[in-house]
Amino acid sequence: MHDKTLAELARGLAAGDFSSRELTTSLLERIKRLDPVLNSFITVTDEQALKEADAADALRHKGEAGILSGLPLAYKDIFCTEGVRTSAGSKMLDNFIAPYNATVVEKLKHAGTVSLGKTNMDEFAMGSSNENSWYGPVKNPWNPTLVPGGSSGGSAAAVAAGFVPAALGTDTGGSIRQPAAFCGITGLKPTYGRVSRYGMIAYASSLDQAGPMARTAEDCAMLMNAMAGHDTRDSTSVSRNVPDYTQGLDKPLNGLKIGLPVEYFGEGLAPEVETAVREAVRVYESLGAQVIEVSLPHTSMAIPAYYVIAPAEASSNLSRYDGVRFGHRCDDPADLEDLYKRTRAEGFGDEVKRRILIGTHTLSEGFFDAYYRKAQQVRRLIRQDFLDAFARVDVLMGPAAPTTAFELGAKADPVQMYLQDIYTIAINLAGIPGISVPAGLVDNRPVGLQILGPHFGEAHLLNVAHVYQQATDWHQRRPEIKE
Amino acid sequence: MQWEVVIGLEVHVQLSTCSKIFSGASTAFGAEPNTQACGIDLGLPGTLPVLNENAVAMAVRFGLAINAEIPEYSVFERKNYFYPDLPKGYQTSQMAHPVVGRGEVDITLGDGTVKTVRIHHAHMEEDAGKSLHEDYSGMTGIDLNRAGTPLLEIVSEPDMHSAEEASAYIRAIHAIVTYLGISDGNMAEGSMRCDVNVSLRPKGQEKLGTRAEIKNVNSFRFVERAIAFEIERQREILEDGGVVIQETRLYNPDLDETRSMRTKEEANDYRYFPCPDLLPLMLDEAYIEHQRSLLPELPSEKRQRFVESLGLSTYDADVLTGSRALAEYFEAVQQHCSDAKLAANWVQGDLLGRLNRDGLDITESPVSAEQLGGLLVRLVDDTINGKGAKQVFADLWERKVETADEIIDARGLKQVTDTGAIESLCDQVIADNPVQVTQYREASEDKRGKMIGFFVGQVMKASRGTANPPQVNAMLKEKLDALL
């Protein structure tokens, strides 16, 4: 059962081939057996999962089951889940049991899904390899010496390993798409404002967005139907009609105009990744698409702008972790300053501290104009690049990451790590949606094709991805995990 | 050297919304600690703010009341600093784009002069919680009930030059916000707090001197005293050839002095930046006009009407418009008895006197406006005289009776206006006091005026206070002058 897609499992449950309890039990056993190798979960909620599975089965018995009823999934440990530890991958929140559910958790729960637990992640979603977790690194299911990508590395690995058919991730600069690429799954970052951020622990509020990670575009569409929509508790969520994302997935791609940004095929791109991506584009051509070259002239400024804006917001968002009301508190503080200093020194990891320092600096008096204001100006230019491109083409395509998954410990230099997000970061700055779909295997390492669309173009992106997945089988490849 | 005092004020007004500025928790005062703080107020991970529309409406109405420009858009920013009663590690406030732009407030000084104080801007922000340093055996308690309470910070230009002006300004702000109903203005409960900026400069110099900021002064009286102290402190420093350092000071009412809290060098860098969780606040013309239509009559308008239509003195008008409740009380009394001056005298004299004596607010008055009006009606129609009215008022105050009319009859206070009855009393008094009559006859004209008071007193006494004094006076004068 662990190889099936969400859609297949939904059909199986509906047909009575198996119950949600059977499915859940089987996956929990697989997690118990294999996750010690991968470390993709921080918390597995067996008991709660079985209860939810039973409730879903009961509902189905009464004929009241919905499409997602009884389907297991997992949440990145950044989504608040009532009564369950929500750590954000940090020692700081190791003892934090959220007293409420995030809006997306509430919605998916309401839809009848069964949560198997909380997945590992880079601390406070800061990282591109999942090596920055207080709970230890996650290993790539394709090869445990490789990273799964980050920051939603646990969710990506859990789906790739067949622990869950789908999981939720968050993406601030590539944190859904890059790990999806590294683990050979499908991951969608929706338009900023499409999915509520309420209850999602903030890293960089103007960039954070939750999204589905699953085997197929169709599965992502099923989840988006439940996740998307306006939330009165999130002022930045957009009040706009939510389409049925599962409708129109098969629409033929004749005449689809694909733009290839020249900047996404330049220096730094691994040749084997470029080959795979260009091959994917040829598949689209064979499906009737037209390909033209476009330019996103401000691409090179995306990483610098991001590393001003995101740390600035983070430095403020993470100020609440002060040892006063919740989370880690140092032992025997001598005074208030000591409480703050030691609590935060002990509770945060190096990368989080680095970004807090950067953000505090760039917002400081005398530096604000040179950094923060300038970065916001660049952000507008980057957004305009995309708007200009989408005036000419329907979607943009390119690699999700410059390389395939790398070895654990290979990127000790933070700047080398930051360059991992070179093709994903601008998308968050522009607020547009992007999806990564499996498009090849090089030395048993998955390659991700990234497809980008205009604001609120998720339905079309899913259609474009789905048709590709009907024509290819990369998304059906499964890693073999040794105990 | 002659020094000129320059004062600017930042007044924090707590807006009287039912719920907080960014959460649904109640803002009611006086609850058990931390019972009115929800996850958003606690800064729980993942929570997000949602702006309270009512708070915006109140801020806009304040802006309209002071003829300020209301910008089309304003922005919430984060003011970052660490403090245990600041749950998120930042205060959501406004900086570069406040909700209320430049405006003006008129203040009336003791001598009746009216002066205009310019308002630089007013911005919305959330209040912090409270640190409780007592009763926790060496630990500090944190109460977050107040955290997230909506505040409007009203920032004046440095247009005031004395403690009296500053005090008049605060009273004017107090009157405006209470008239608008956007704050209860209760300073004791912290609904209004002031930061006072004071500096001195040689008279005639244009450049401002170095200022000291006195934080969190929370009563009209303390504002005056803190400023008075601060002026003297700075004057002494300057006259000794020293320099005032820019710093934040705290006023201690027990010692009646200000004390340094932190200098400019120790000041926080608040690292303001636009709050990414809140969209810019956009206000269109229709919205602003709608808020304008909701404005009540404002103190300055009321004052002018009291003078022009009711014929009150500017002093009376000023006192009576001091708060919306007082003005409304006065107007109700005035409408009842149709005599504005009489109503003004009674409200300012007997009523406010007693209220002050008992430490009561006008809203807590034991005598309602209807009751006082009913009493004054009887004065106007000569049913009772002034002395009787005071007795009735005392009974009303002690809640012995419901209406003036009940007690007038019961106490036999009805004024005797029957000429025959008064005449016989006058004749009796003249007959009973031959010595005084002789003295009267022998006195000079101007002395007689005073001496007649004796006879009036006797007649009033004989009538047990029910005679009409002017009537008695006239009759006695006629009778005594006939004896000359």
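Computed from a prediction, not measured in an experiment: that's the story for all the values here.

## Some points on the overall build of chain A
Within chain A, the secondary structure is distributed over 15 helices and 11 strands. Computed over its C-alpha atoms, the radius of gyration of chain A comes to 21 Å, within 12% of the 23 Å expected for a compact globule of 483 residues. Projected onto its principal axes, the C-alpha coordinates of chain A cover approximately 65 × 55 × 45 Å. Per-residue burial for chain A yields a buried fraction of 63% across its 483 residues. Partitioning the intrachain contacts of chain A with sequence separation of at least 6 by distance along the chain shows that 76% fall at a separation of at least 24.

## Quick word on the domain arrangement of chain B
All names here are of chain B. According to the domain assignment, chain B consists of domain 1 (3-290), domain 2 (297-410) and domain 3 (419-482). A straight line from the C-alpha centre of domain 1 to that of domain 2 covers 35 Å. Counting residues at the interface gives eight residues for domain 1, matched by 11 residues for domain 2. Taken together, both faces of the contact between domain 1 and domain 2 bury some 800 Å²; the carbon and sulfur share is 59%.

## Considering the packing of helix α13 (residues 419-432) of chain B against helix α15 (residues 445-462) of chain B
All names here are of chain B. Contact geometry for α13 and α15: axes closest at 9 Å, N-to-C directions at 125 degrees. By the angle between their axes, α13 is oblique relative to α15. In terms of crossing hand, the pair formed by α13 and α15 is right-handed. Counting all contacts with α13, which are made through Leu425, Cys426 and Val429, the residues of α15 involved are Phe455, Gln458, Val459 and Ala462. Taken together, the residues that form the contact of α13 with α15 break down as six nonpolar, one polar and no charged.

## Observations regarding the pairing of strand β5 (residues 186-189) of chain A
Residues and elements named next belong to chain A. What you see with β5 is no split at all: Thr186 and Leu188 on one side and Gly187 and Lys189 on the other are buried throughout. The pairing of β5 with strand β6 (residues 209-214) spans two bridges and is antiparallel. Bridging across to β6, Thr186 finds its partner in Ala214. Pairing of β5 with strand β10 (residues 434-442) involves three bridges; the strand directions are antiparallel. If you follow Lys189 over to β10, its bridge partner there is Gly434.

## Brief notes about the environment of Ser26 of chain B
Residue and element names in this part refer to chain B. Relative to the helices and strands, Ser26 is located in the loop between β1 (3-14) and α1 (39-42). The sequence separation of Ser26 and Gln205 amounts to 179 residues, and the corresponding C-alpha distance is 50 Å. Setting aside its immediate chain neighbours within four residues, Ser26 contacts Cys18, Lys20 and Gln36. Only 3.0 Å separates the side chain of Ser26 from the backbone nitrogen of Ala28, close enough to count as a polar contact.

## Some points on the layout of surface pockets
Once rolled over the atoms, a probe with the size of a water molecule shows which space is left empty. Residues and elements named next belong to chain B. When its volume is computed, the second largest pocket comes out at roughly 1,500 Å³. Lining of the second largest pocket is provided by 42 residues; of these, Arg171, His174, Phe220, Gly322 and Ser323 occupy positions nearest its centre. Those elements giving two or more residues to the lining of the second largest pocket turn out to be β5 (103-108), α3 (163-180), α4 (220-239), α6 (299-308), α7 (314-320), α8 (324-337) and α9 (340-357). With eight residues, α3 is the single largest residue contributor to the lining of the second largest pocket.

## Structural notes on helix α11 (residues 386-397) of chain B
Each turn of an α-helix holds 3.6 residues, which means side chains three or four residues apart point in the same direction. Residue and element names in this part refer to chain B. In this model, α11 (12 residues) spans 16 Å end to end at C-alpha, consistent with the 16 Å of a helix rising 1.5 Å per residue. Those residues of α11 not exposed but buried are Gly388, Ala389, Val392, Phe393, Ala394, Asp395, Leu396 and Trp397. Measuring from the side-chain oxygen of the N-cap residue of α11 to the backbone nitrogen of Lys387 gives 3.1 Å; that N-cap residue is Asn385. At the C-terminal side of α11, Arg399 shows a positive phi close to 60 degrees.

## Thoughts on empty space enclosed by the protein
One pass over the full model with this rule turns up seven cavities of 30 Å³ or more. Of the pockets and cavities examined, the largest cavity occupies roughly 160 Å³. Elements that contribute at least two residues to the lining of the largest cavity include exactly α1 and β4 (90-94) of chain B. Looking at the lining of the largest cavity residue by residue, the class counts come to eight nonpolar, five polar and seven charged. The volume enclosed by the second largest cavity comes to roughly 60 Å³. Along the walls of the second largest cavity sit 13 residues, with Gly127, Ser128, Ser175, Tyr306 and Asp421 of chain A positioned nearest its centre. Classifying every residue of the lining of the second largest cavity gives four nonpolar, seven polar and two charged.

## Examining the interface of chain B and chain A
Taken together, the 29 residues of chain B in the interface contact 37 residues of chain A. Summed over both sides, the interface between chain B and chain A buries roughly 2,700 Å², with carbon and sulfur atoms accounting for 59% of that surface. Interface area lost by chain B to chain A is led by Pro45, Phe82 and Arg271 of chain B, which between them contribute 24%. At the junction of chain B and chain A, the tally comes to one salt bridge. Measuring nitrogen to oxygen at the nearest pair gives 3.0 Å for the salt bridge that ties Asp277 of chain B to Arg197 of chain A. For the side of chain B that touches chain A, the elements supplying multiple residues, two or more each, are α1, β3 (76-80) and β14 (273-274) of chain B. Each residue belonging to the side of chain B that touches chain A can be placed in one class, and the counts come to 19 nonpolar, five polar and five charged.

## Describing the sheet that holds β4 of chain B
If you trace the three strands from one edge of the open sheet to the other, you get β4-β3-β14 (chain B), paired in antiparallel fashion. A single partner strand is all that each edge strand has here, and the edge strands are β4 and β14 of chain B. Strand direction decides the pairing type here: β3 of chain B and β14 of chain B, joined by two bridges, are antiparallel. What sits directly across from Glu77 of chain B, in β14 of chain B, is Pro274 of chain B. Against the sheet, helix α9 (residues 302-317) of chain A engages β3, β4 and β14 of chain B, with an angle of about 65 degrees to β3 of chain B.

## Looking at the packing of aromatic side chains
As enumerated under the stated definition, the model contains 27 aromatic pairs over all chains in all. The interplanar angle of 70 degrees and the centroid separation of 5.9 Å between the aromatic rings of Phe124 of chain A and Phe348 of chain A together place this pair among those described as edge-to-face. With a gap of 224 residues between them, Phe124 of chain A in the loop between β3 (114-119) and α5 (153-160) and Phe348 of chain A in the loop between α10 (336-347) and α11 (350-362) connect regions that are remote in the sequence. In terms of burial, Phe124 of chain A and Phe348 of chain A fall into one category: buried. For the ring pair Tyr270 of chain B and Tyr272 of chain B, a centre distance of 6.3 Å and an interplane angle of 75 degrees mean the geometry is edge-to-face. By relative accessible area, Tyr270 of chain B is classed as partly exposed at 21%. What links up through ring pairs into an aromatic cluster is the set Phe96, Phe124, Tyr321, Phe326 and Phe348 of chain A. Arg171 of chain B extends its terminal NZ or CZ atom over the ring of Phe220 of chain B, reaching a point 4.6 Å from the ring centre.

## Focus: the packing of α9 of chain B against helix α10 (residues 369-380) of chain B
The packing of two helices is summarised by the inter-axis angle and the distance between the axes. Residue and element names in this part refer to chain B. Contact geometry of α9 with α10 gives a least axis separation of 11 Å together with a crossing angle of 130 degrees. By the angle class used here, α9 and α10 are oblique. Between α9 and α10 lies a crossing of right-handed hand. Between α9 and α10, the contacting residues are Leu342, Ala343, Trp346 and Val347 on the first element and Leu372, Leu375, Leu376, Leu379 and Val380 on the second.

## Description of the side chain of Lys118 of chain A
Residue and element names in this part refer to chain A. Its place among the elements puts Lys118 in strand β3. Polar side-chain contacts of Lys118 include one of 3.0 Å to the side chain of Thr86. Not counting chain neighbours up to four residues away, the residues in contact with Lys118 comprise Phe41, Ile42, Thr43, Tyr75, Lys76, Asp77, Phe79, Thr81, Val84, Arg85 and Thr86.

## Quick notes on the nonpolar core
Counting residues in hydrophobic clusters, the biggest one holds 145 residues, and the most contacted among them are Phe79, Phe124, Tyr284, Phe386, Met397 and Ile451 of chain A. The greatest single-element share of this core, amounting to nine residues, is contributed by α9 of chain A. Listed in part, the 64 residues of the second largest apolar core include Ile7, Ile119, Val177 and Val196 of chain B.

Quick notes on the rules
- Residues numbered from 1 in each chain as written.
- Chains lettered and ligands numbered in written order.
- Predicted model: local features only at pLDDT ≥ 70, side-chain atom pairs only at ≥ 80, totals over all residues.
- Heavy atoms only, no water.
- Helix = DSSP H or I, 4+ residues; strand = E, 2+ residues; numbered from the N terminus.
- Rg over C-alpha atoms; globule rule 2.2 N^0.38 Å.
- Buried < 20%, exposed > 50% of the residue type's maximum accessible area, 1.4 Å probe, protein only.
- Contact = heavy atoms within 4.5 Å.
- Domains from an automatic or database assignment.
- Buried area = accessible area lost by both parts, 1.4 Å probe.
- Axes fitted to C-alpha atoms, helices over the stretch in contact; angles between N-to-C directions.
- Parallel < 35°, antiparallel > 145°, perpendicular 65-115°, else oblique.
- Left-handed = near helix turned anticlockwise from the far one by under 90°.
- Nonpolar A, V, L, I, M, F, W, Y, C, P; charged D, E, K, R; others polar.
- Pairing = 2+ DSSP bridges.
- Polar contact = N/O pair within 3.5 Å; in protein donor to acceptor, adjacent residues only side chain to side chain.
- 1 Å grid on protein atoms, 1.4 Å probe; cavity = no way out; pocket = protein on both sides within 12 Å on 5 of 7 lines; lining within 4 Å.
- Points joined across faces, edges and corners; volume = space filled by probe spheres on them.
- Expected span 1.5 Å × (residues − 1).
- Salt bridge = Lys/Arg side-chain N within 4 Å of Asp/Glu carboxyl O.
- Phe/Tyr/Trp six-rings, centres within 6.5 Å; stacked < 30°, edge-to-face > 60°.
- Lys NZ or Arg CZ within 6 Å of the ring centre and 35° of its normal.
- Core = buried A, V, L, I, M, F, W, Y, C linked by side-chain atoms within 4.5 Å.

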